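So the chains spell out like this:
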Amino acid sequence: MTVLVVAEHRRGELRDASLELLTAGRQLADATGGELHVAVVSGDVESYADQLNREGVDAIHTVADGEEFNHDVYTQAVEQLFEAVEPTVLLLPNSVNGLDYAPAVAERLDIPLVTDAVDFDYGDGLTVTREMYGSKVETTMDVDAPQAAVTVRPAEWPKAEGTGDATVEAFDAAIDESAVRSTVTGYQEVGGGDIDISDADVLVSVGRGIEEEDNLDIIHDLAEALDATVSASRPIVDNGWLPKDRQVGQSGKVVTPDVYIAIGISGAVQHVAGMKGADTIVAINNDPNAPIFDIADYGIQDDLFDVVPALTEQFS
Amino acid sequence: MKILVTVKEVAAVDDEFEVDGLAIDDRYLTYDLNEWDEYAIEEAVQIAEAGEDVEVVTVTVGPEDAEDTIRQALAKGADRAIRVWDDAIAEAGLLDPGTKAQLLEAVVATEEPDLILSGVQAGDDAFGATGVTLASRLGWEWAAVVNDLELGDDVATVHRELEGGVEELTDVELPAVLTIQTGINDPRYASLRGIRQAQQKELAVQSLADVGLDSDVLDSPIEQTSLYEPESEGEATIYEGSADETAADLAELLREQGVAQ
């Protein structure tokens, strides 16, 4: 069995998801004693191929067309590579860009697609483990097909290490330019404020549990008492209660403070991706089953409207 | 111009729940309009309000129970709704993105919209793949995870929200399927007048046969084989007691960590 992994890069840098995919791909290839092939499309593919040549990689295919991610180019290139390599499983990142082309590739190749895998197994066939209902349950999916595509959750597998001796070959994809009907015109950093939360030593971070904008006052009071900076999870920023550059998470900032106090934050995987590198994580949430307690070092399972003012009082 | 918005009713799970076979017992579920679809509806209604002669039609694959949710979308300004369902779909269990896209494609063939807006993902099964699969089936362009949209005559200029606080600026040829991210707008609450009007708006129910499909479309290579509560990996020290007591314990820890000193 061959596993084909498609790497991801942005603005000249290979993304961590690529090296995680190598680990995930090797796990799946090992389950059947198969080979691990890697594809890298667009940009400086030679340099990316060097970085992807890690232990356990058998072959790297480079497709030089395009500079940056364009889903029309990626869809065509990966479709053609899939037909040339004939893998049993195609692994793609469950990233924003992965979700922008993986479904199109699967549809064109008429193979099943399972997204956001957190684990998989290959026995009689492919079984994929994924989560539902905001990570409250896990479910397994059996895939009854000779070939399939799976997108892999970021940061779920460790990054591949070591140096490999993979063959590196240029793949000559025939890109139909008339089918390229989207154009990436640039990039923009999100902003809105003048504070960089990724510099803060102590973050008081607030989530949906705060319920109303006016209630943010108790968060600001606590942050002031602790000489800390206020950050937030996605819903607070979506509501316009804090500027975009205060958002912690996959689509916001990645933060690594000494202390991160998560208040009324359930701990969705997208949020955790942005803050799990904090030295000490404290969670205050009235739902004892909230996923945030799985990664917290210290927790209070109680009503934040009682605990937060009491905590502020301790420092006044 | 006609905008088709895919709308789904999703279930949220209570803090405490029991698994019943391959599902969660209905007692522990609360149903509501999918959060991402709420933003997609708002975006469509804003386009309609800004332009002349724009019709907003919602399409839902879901049972009769979903009609309260569909009426919410109508109350927020959609003009009419289509709901696809029959006994065969009900018996099919989990619908994977490929199956859902085929059902929606059949509705698109009849409705012939100029633009399709879809939520990035559904809050329950969270596949995040139906919109792009549908675009590919239709041979249309698409953009996933859109958090800013400007509509031209032939092109949609969008921002795609990438990871790490970066947005990609992209031009996409129309017709297109755009999957809408939360935060793109500020979804309105349904007004009392809107809720009253929604009761009068058309909500057409269509079976597989009505949309020109037979039950083969429901044969999925993906089968759900288990559902369970994951074991907690938590090793957190949990402070017990009243709010004053736990706050005092936490304050002591924070001082030890050098906070506020």
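None of the values given here were measured: they were computed from a predicted structure. (Residues numbered from 1 in each chain as written. Chains lettered and ligands numbered in written order. Predicted model: local features only at pLDDT ≥ 70, side-chain atom pairs only at ≥ 80, totals over all residues. Heavy atoms only, no water.)

1. Examining the pattern of salt bridges
Thought 1: Throughout the structure, instances matching the rule amount to 32 salt bridges over all chains.
Thought 2: A salt bridge links A:Lys136 to B:Asp15, with the shortest nitrogen-to-oxygen separation between them at 3.5 Å. Placement of A:Lys136 in the loop between strand S9 (126-132) and strand S10 (137-143) and of B:Asp15 in the loop between strand S2 (9-13) and strand S3 (19-20) is noted, with the two residues assigned to different chains.
Thought 3: On the accessibility criterion, A:Lys136 (18% relative accessible area) is buried. (Salt bridge = Lys/Arg side-chain N within 4 Å of Asp/Glu carboxyl O. Helix = DSSP H or I, 4+ residues; strand = E, 2+ residues; numbered from the N terminus. Buried < 20%, exposed > 50% of the residue type's maximum accessible area, 1.4 Å probe, protein only.)

2. What to know about the environment of A:Phe171
Residue and element names in this part refer to chain A.
Thought 1: Relative to the assigned elements, Phe-171 resides in the loop between strand S12 (167-170) and strand S13 (182-189).
Thought 2: Taking the C-alpha atoms as reference points, Phe-171 and Ala-77, separated by 94 residues in sequence, lie 9.0 Å from one another.
Thought 3: Those residues in contact with Phe-171, other than ones at most four positions away along the chain, are Thr-62, Val-63, Gln-80, Leu-81 and Ala-84. (Contact = heavy atoms within 4.5 Å.)

3. Here's the deal with the sheet that holds strand S18 (residues 298-300) of chain A
Thought 1: Pairing is parallel in the open sheet, where six strands are placed in the order S15(A)-S14(A)-S16(A)-S17(A)-S18(A)-S15(B). Because the sheet does not close on itself, it has two edges, and the strands there are strand S15 (229-232) of chain A together with strand S15 (237-239) of chain B. Put simply, the sheet's adjacent strands are angled 20° from each other on average, direction ignored.
Thought 2: Where strand S14 (residues 202-206) of chain A lies against S15(A), four bridges are found, and the strand directions are parallel. Looking at the pairing, A:Val206 lines up with A:Ala232 of S15(A). (Pairing = 2+ DSSP bridges. Axes fitted to C-alpha atoms, helices over the stretch in contact; angles between N-to-C directions.)

4. Details of the packing of helix H5 (residues 216-226) of chain A against helix H9 (residues 304-314) of chain A
Helix-helix packing is characterised by the crossing angle of the two axes and by the distance between the axes.
All names here are of chain A.
Thought 1: Where H5 contacts H9, the two axes come as close as 9 Å, and the packing angle between them is 30°. Here H9 runs roughly parallel to H5, going by the angle between their axes. In this structure, H5 meets H9 at a crossing whose hand is left-handed. In contact with Ile-218, Asp-221, Leu-222 and Ala-225 of H5, H9 contributes Leu-304, Phe-305, Val-308, Leu-311 and Thr-312.
Thought 2: Considered class by class, the residues forming the contact of H5 with H9 number seven nonpolar, one polar and one charged. (Parallel < 35°, antiparallel > 145°, perpendicular 65-115°, else oblique. Left-handed = near helix turned anticlockwise from the far one by under 90°. Nonpolar A, V, L, I, M, F, W, Y, C, P; charged D, E, K, R; others polar.)

5. Considering the UniProt feature "domain: Electron transfer flavoprotein alpha/beta-subunit N-terminal" (unreviewed entry) in chain A
Thought 1: Listed under "domain: Electron transfer flavoprotein alpha/beta-subunit N-terminal" (unreviewed entry) in the UniProt record, and renumbered for this structure, are residues 3-184 of chain A.
Thought 2: With 27% helix and 33% strand, residues 3-184 of chain A has end C-alpha atoms that lie 30 Å from one another. (UniProt positions renumbered as here; feature names shortened; annotations may be inferred.)

6. Here's the deal with the pairing of strand S6 (residues 55-61) of chain B
Residues and elements named next belong to chain B.
Thought 1: Counting buried positions along S6 gives six out of seven residues, so the element sits mostly inside the fold.
Thought 2: Bridge analysis of strand S1 (residues 2-6) against S6 gives five bridges, and the strand direction is parallel. Paired with Val-5 across the bridge in S6 is Thr-58.
Thought 3: Regarding topology, helix H2 (residues 67-75) serves as the crossover connection from S6 to the parallel strand S7 (residues 80-84), and that connection is right-handed. (Right-handed = clockwise from strand over helix to strand, strands pointing away.)

7. Observations regarding the pairing of S2(B)
Residue and element names in this part refer to chain B.
Thought 1: Burial of S2 is extensive: four of the five residues sit out of reach of the surface.
Thought 2: Taken together, the five bridges between S2 and strand S5 (residues 29-33) define a ladder with antiparallel strand orientation. Following the sheet pairing, Ala-11 is matched in S5 by Tyr-31.

8. Topic: unusual backbone geometry
Thought 1: In this structure, the amide linkage connecting B:Leu174 to the following residue, B:Pro175, adopts the cis form with an omega of 0°.
Thought 2: Tracing the sequence through the fold places B:Pro175 in the loop between strand S11 (166-173) and strand S12 (176-180).
Thought 3: Even without glycine at this site, A:Ser135 takes up a positive phi of about 70°.
Thought 4: Note on placement: A:Ser135 falls in the loop between S9 and S10.
Thought 5: Not every positive phi belongs to a glycine, and B:Glu112 is a case in point at roughly 50°.
Thought 6: The residue B:Glu112 is located in the loop between helix H4 (97-111) and strand S8 (115-119) in this model.

9. Some points on the interface of chain B and chain A
Thought 1: Facing the 80 residues of chain B at the interface are 80 residues of chain A.
Thought 2: Carbon and sulfur atoms supply 53% of the area buried between chain B and chain A, which totals about 7,000 Å² over both sides.
Thought 3: The tally of links from chain B across to chain A stands at eight salt bridges.
Thought 4: The interface formed by chain B and chain A contains 46 residue pairs in polar contact (both at pLDDT 80 or more).
Thought 5: With ten residues, helix H7 (residues 243-256) of chain B is the single largest residue contributor to the side of chain B that touches chain A.
Thought 6: Of the residues contributing to the side of chain B that touches chain A, the split by class is 36 nonpolar, 23 polar and 21 charged.
Thought 7: Where S18(A) meets S15(B), three bridges bridge the pair, whose relative direction is parallel. Bridged to A:Tyr298 within S15(B) is B:Thr237. (Buried area = accessible area lost by both parts, 1.4 Å probe. Polar contact = N/O pair within 3.5 Å; in protein donor to acceptor, adjacent residues only side chain to side chain.)

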